[in-house]
Amino acid sequence: MAKTNPFEFMQQVRQEANKVTWPTRKEVGITTLMVFIFMVVSAVFFFAADSIIRWGVQTLLSLGS
């Protein structure tokens, strides 16, 4: 395996970093907003699913007593 000195390594890192397409500030803001929206929707869904399952289990257990 060929060894690269630190100077060459840093040049290669800079070249690769220049190839990256960085998102704009607007894109980052929209993406962040979408993540928060989906997080809230997921939290509400799982809360509802958990409540329904809890109610069902409690109903089944109360039938046995």
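Above this note sits the structure.
About the criteria used
Residues numbered from 1 in each chain as written. Predicted model: local features only at pLDDT ≥ 70, side-chain atom pairs only at ≥ 80, totals over all residues. Heavy atoms only, no water. Helix = DSSP H or I, 4+ residues; strand = E, 2+ residues; numbered from the N terminus. Rg over C-alpha atoms; globule rule 2.2 N^0.38 Å. Areas by Shrake-Rupley, 256 points an atom, 1.4 Å probe, with all protein chains shown as cover. Lys, Arg positive; Asp, Glu negative; His and termini not counted. Charge placed at Lys NZ, Arg CZ, Asp CG, Glu CD. Expected span 1.5 Å × (residues − 1). Polar contact = N/O pair within 3.5 Å; in protein donor to acceptor, adjacent residues only side chain to side chain. Patch = residues over 30% accessible without salt bridge, like charges linked within 9 Å, V, L, I, M, F, W, Y side chains within 5 Å. Salt bridge = Lys/Arg side-chain N within 4 Å of Asp/Glu carboxyl O. Phe/Tyr/Trp six-rings, centres within 6.5 Å; stacked < 30°, edge-to-face > 60°. Buried < 20%, exposed > 50% of the residue type's maximum accessible area, 1.4 Å probe, protein only.

Take the overall build of the protein next. For the protein, the count of helices and strands is 2 helices and 0 strands. Taken over the C-alpha trace, the protein has a radius of gyration of 26 Å; the compact-globule value for 65 residues is 11 Å, which it surpasses by more than 25%. Its C-alpha atoms put the protein at 75 × 35 × 10 Å along the principal axes. Here the protein displays about 6,600 Å² of accessible surface, and carbon together with sulfur accounts for 71% of that area. Each charge sign in the protein was given a centre, from 6 positive and 4 negative side chains, and these centres are 5 Å apart.

Our next topic: helix α1 (residues 6-19). A rise of 1.5 Å per residue sets the reference length of α1, with its 14 residues, at 20 Å; its end C-alpha atoms lie 20 Å apart and thus fit the reference within 8%. For α1, the side-chain oxygen to backbone nitrogen distance between the N-cap and F7 is 3.1 Å, and the N-cap itself is N5.

Here we take up the environment of V28. Mapped onto the elements, V28 comes out in helix α2 (residues 25-63). As for V28 and T59, which are separated by 31 residues in sequence, their C-alpha atoms are 46 Å apart.

Turning our attention to a nonpolar patch on the surface. Taken together, the side chains of I30, L33, M34, I37, F38 and V41 make up a nonpolar region of the molecular surface, amounting to roughly 570 Å² of accessible area. Here I37 lies in helix α2.

Turning to the packing of aromatic side chains, a few remarks are in order. All told, the structure shown has 1 aromatic pair when counted by the stated rule. Residues F45 and F46 carry aromatic rings whose centres are separated by 5.1 Å and whose planes lie at 70° to one another, so their mutual orientation is edge-to-face. For F46, a relative accessible area of 55% corresponds to the exposed category.

Without other data, these values stay purely geometric and don't point to any function.
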